[in-house]
Amino acid sequence: MKLQVTDLVAGYGDGPDVVRGVSFVANPGKITTLLGPNGCGKSTLLKACSKVLQPRSGAVVLVDEPVAQYDLAELSPRESARRIGMLAQQPVAPAGLAVRDLVARGRHPHRGLFGGLTRKDNDIIDAALQATGTETLANHVVDSLSGGQRQLVWFAMVLAQDTPVILLDEPTTYLDPAHALNVLELARQQSQAGKTVVMVLHDLMLAGAYSDQLVLLKDGHVLADGSPKQVLTSANLAEAYGLRAEIWPNPRSGSSVIVARGTV
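Owing to the predicted nature of the structure, the values given are computational and were not obtained by experimental measurement.

J.: Report on the overall build of the chain, specifying residues and quantitative values.
T.: A tally of regular secondary structure across the chain gives nine helices and twelve strands. Taken against the 2.2 N^0.38 rule, which gives 18 Å for 264 residues, the C-alpha radius of gyration of the chain at 19 Å falls within 12% of a compact globule. Taken along its principal axes, the extent of the C-alpha atoms in the chain is 55 × 40 × 40 Å. Looking at the 264 residues of the chain, the share that counts as buried comes to 47%. Excluding contacts between residues fewer than 6 apart, the proportion of contacts in the chain whose partners are at least 24 apart in sequence is 64%. Counting every atom, the chain has about 12,400 Å² of accessible surface; 50% of that belongs to carbon and sulfur. Charged side chains of the chain number 24 positive and 25 negative; the gap between the two group centres comes to 2 Å.

J.: Give me the sheet that holds strand β4 (residues 57-64): which residues, what numbers.
T.: Strand order in the open sheet formed by four strands is β2-β1-β4-β5, with antiparallel pairing between adjacent strands. The sheet is open, and its two edges are formed by β2 (17-26) and β5 (68-71), each paired on a single side. Adjacent strand axes in the sheet meet at a mean angle of 15° when their direction is disregarded. The pairing of strand β1 (residues 2-11) with β4 spans six bridges and is classified as antiparallel. Bridging across to β4, Lys2 finds its partner in Val63.

J.: Tell me about the state of the cysteines, and please be specific about residues and values.
T.: Scanning all chains against the criterion turns up zero disulfides. Cys40 forms no disulfide, and the closest cysteine sulfur to it belongs to Cys49, at a distance of 13 Å. Overall, Cys40 belongs to the buried group, its relative accessible area being 2%.

J.: Lay out the sheet that holds strand β8 (residues 196-200) with the relevant residues and their values.
T.: Within the open sheet, the six strands sit side by side as β6-β7-β8-β3-β9-β10. Their pairing is mixed. On the outer flanks of this sheet lie β6 (84-87) and β10 (221-226), each paired with one strand and no other. Going across the sheet, the axis of each strand differs from the next one's by a mean of 15°, ignoring polarity. Relative to β8, strand β3 (residues 31-35) runs parallel, the two sharing four bridges. Bridge pairing in β8 places Thr33 opposite Met199. Running at roughly 175° to β6, helix α5 (residues 147-161) makes contact with β6 and β7 (165-169) of the sheet. Sheet strands in contact with helix α6 (residues 177-192) are β3, β7 and β8, and its direction is about 150° off that of β8.

J.: Mind laying out the nonpolar core, listing which residues take part and the relevant values?
T.: Counting 50 residues, the largest nonpolar core has Val99, Val103, Leu168 and Met199 as the members making the most contacts within it. It is α5 that contributes the most residues to this core, nine residues altogether. When neighbours within four sequence positions are excluded, Val99 is seen to be in contact with Leu129, Leu137, Ala138, His140, Val142, Leu145 and Val153. Listed in part, the 28 residues of the second largest apolar core include Val22, Leu45, Leu167 and Val200.

J.: Lay out the pattern of salt bridges with the relevant residues and their values.
T.: Enumeration according to the criterion identifies six salt bridges in this entry. Ionic pairing is found between Arg56 and Asp17, a salt bridge with its closest N-O pair at 2.7 Å. Remark: Asp17 occurs in strand β2 and Arg56 occurs in the loop between α1 (42-48) and β4; sequence separation between them is 39 residues. The partly exposed category is assigned to Arg56, whose relative accessible area is 33%. Residue class for Asp17 comes out partly exposed when judged on its relative accessible area of 31%.

J.: I'd like a description of the layout of surface pockets, backed by residues and values.
T.: Taken as a whole, the largest pocket spans an internal volume of roughly 400 Å³. Secondary-structure elements contributing two or more residues to the lining of the largest pocket are α2 (77-81), β6 and α5. It is β6 that contributes the most residues to the lining of the largest pocket, four residues altogether. Here the lining of the largest pocket is built from residues that sort into 13 nonpolar, six polar and two charged. Roughly 310 Å³ of volume is contained in the second largest pocket.

Procedures and definitions
Residues numbered from 1 in each chain as written. Predicted model: local features only at pLDDT ≥ 70, side-chain atom pairs only at ≥ 80, totals over all residues. Heavy atoms only, no water. Helix = DSSP H or I, 4+ residues; strand = E, 2+ residues; numbered from the N terminus. Rg over C-alpha atoms; globule rule 2.2 N^0.38 Å. Buried < 20%, exposed > 50% of the residue type's maximum accessible area, 1.4 Å probe, protein only. Contact = heavy atoms within 4.5 Å. Areas by Shrake-Rupley, 256 points an atom, 1.4 Å probe, with all protein chains shown as cover. Lys, Arg positive; Asp, Glu negative; His and termini not counted. Charge placed at Lys NZ, Arg CZ, Asp CG, Glu CD. Pairing = 2+ DSSP bridges. Axes fitted to C-alpha atoms, helices over the stretch in contact; angles between N-to-C directions. Disulfide = S-S within 2.5 Å. Core = buried A, V, L, I, M, F, W, Y, C linked by side-chain atoms within 4.5 Å. Salt bridge = Lys/Arg side-chain N within 4 Å of Asp/Glu carboxyl O. 1 Å grid on protein atoms, 1.4 Å probe; cavity = no way out; pocket = protein on both sides within 12 Å on 5 of 7 lines; lining within 4 Å. Points joined across faces, edges and corners; volume = space filled by probe spheres on them. Nonpolar A, V, L, I, M, F, W, Y, C, P; charged D, E, K, R; others polar.

The structure is reproduced here in structure tokens:
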């Protein structure tokens, strides 16, 4: 299912626009990553793409080719939650909640009003725990886990939601390198399974290594949109971040190695 964003404008309360006329398309089987300096509108844009935040204008459309098309603004919260799963920044679980119970919450959009978990639901929950390597933590309390374990458990909940579109807001924040790579590998596996994955990342080199498409934002606008090689250029990094950097190709992976030389 394709995520199509057109001329999106979004902000908070009576404050100024944070996202100012952003357009991009995220395709199935691909990872699209939103980049940009702090305050440029990345997380706000992701919230507007998930129905967490109501856009002020513009459109977010889900396209299930070849014929079906859904305007996010016209979908109910339950209908949108069946199509879009989101891992928010620093999510918080209720005190005392067990890991499996948290992951099971991903099935809520698919259940009847008074229905309990079906065998299919339980199979999907088990598969999500196994995919994230957290099955041995199923009976642990979420609060008792390390930061890396908690992030994997929240990712398992998103997997249990089983949506064609997955949004990840800074999924590697506060994670050590090993756990960060685990999370990004999970994102890659989901895209390879045909899902549309949109992430917000700060690490430029990880974004380049794990993304098919980069959307670079500055001051709420799209500065560049394209492949990692097209977007991660010295000129773009200077304009977006005020960073003076050299870009070298990694001889093994082909991804970009960014060598910072100072500020502009």
